[in-house]
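# Structural overview for review
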Amino acid sequence: MEFEALLCAARQGDATSKERLFFMYRPLIIKSSMVEGSFREDLYQVLSLTFLKCIDKFDVENAKERSKKWDAYSK
């Protein structure tokens, strides 16, 4: 499933899609949970919850428009 379709499905409440997105970004969340070389479980939990909330709030259409504008600008 392509990323946009996966994101749309997750936003519509598909738990499997949301889980797939989470596991796609889990390495970044884990990396961001490291403080001075030590893994911080509390930070991991906060970042994980924040990521899942962001899925619900992400505006796919607005992101597509911004991407088109950026592509036109960068050429």
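So, here's what we can say about the structure.

Bringing the side chain of serine 33 into the picture now. Relative to the assigned elements, serine 33 resides in the loop between helix 2 (15-32) and strand 1 (34-35). A distance of 2.7 Å separates a polar side-chain atom of serine 33 from the backbone oxygen of isoleucine 29. Sequence-distant contacts of serine 33, defined by excluding residues within four places in its chain, comprise Ser38, Phe39, Arg40, Leu43, Tyr44 and Leu47.

This part is about the packing of aromatic side chains. Within a pair of aromatic rings, the relevant descriptors are the distance that separates the centres and the angle that separates the planes. This model, assessed by the stated rule, comprises 5 aromatic pairs. Between phenylalanine 22 and phenylalanine 23 the ring centres are 5.6 Å apart and the planes differ by 80°, which places this aromatic pair in the edge-to-face class. Judged by relative accessible area, phenylalanine 22 falls into the buried class, the value being 12%. Judged by centre distance (5.3 Å) and plane angle (40°), the rings of tyrosine 25 and phenylalanine 51 are tilted. With tyrosine 25 in helix 2 and phenylalanine 51 in helix 3 (residues 41-57), this residue pair connects regions lying 26 residues apart in the sequence. Connected via pairs of aromatic rings, a cluster forms that spans Phe3, Phe22, Phe23, Tyr25 and Phe51.

Quick look at helix 3 now. Here helix 3 spans 25 Å end to end across 17 residues, near enough to the 24 Å set by a 1.5 Å rise per residue. Within the span of helix 3, buried status applies to Tyr44, Ser48, Phe51 and Ile55. One side of helix 3 holds all its buried residues, which, seen down the axis, span an arc of 60°. Opposite the packed face of helix 3, turned more than 90 degrees from it, sit the exposed residues Leu49, Lys53 and Lys57. On its buried face, helix 3 sits against helix 1 (3-11), helix 2 and strand 2 (38-39).

Across the interface, helix 2 lies against helix 3 with an axial gap of 10 Å and an inter-helix angle of 140°. It follows that helix 2 is oblique to helix 3 by the angle criterion. Our pair here, helix 2 against helix 3, has a crossing hand that is right-handed. Residue-level contacts link Lys18, Leu21, Phe22, Tyr25, Arg26, Ile29, Ile30 and Ser32 of helix 2 to Leu43, Tyr44, Leu47, Ser48, Phe51, Leu52, Ile55 and Asp56 of helix 3.

Parameters and conventions
Residues numbered from 1 in each chain as written. Predicted model: local features only at pLDDT ≥ 70, side-chain atom pairs only at ≥ 80, totals over all residues. Heavy atoms only, no water. Helix = DSSP H or I, 4+ residues; strand = E, 2+ residues; numbered from the N terminus. Polar contact = N/O pair within 3.5 Å; in protein donor to acceptor, adjacent residues only side chain to side chain. Contact = heavy atoms within 4.5 Å. Phe/Tyr/Trp six-rings, centres within 6.5 Å; stacked < 30°, edge-to-face > 60°. Buried < 20%, exposed > 50% of the residue type's maximum accessible area, 1.4 Å probe, protein only. Expected span 1.5 Å × (residues − 1). Arc of directions from axis to C-beta. Axes fitted to C-alpha atoms, helices over the stretch in contact; angles between N-to-C directions. Parallel < 35°, antiparallel > 145°, perpendicular 65-115°, else oblique. Left-handed = near helix turned anticlockwise from the far one by under 90°.

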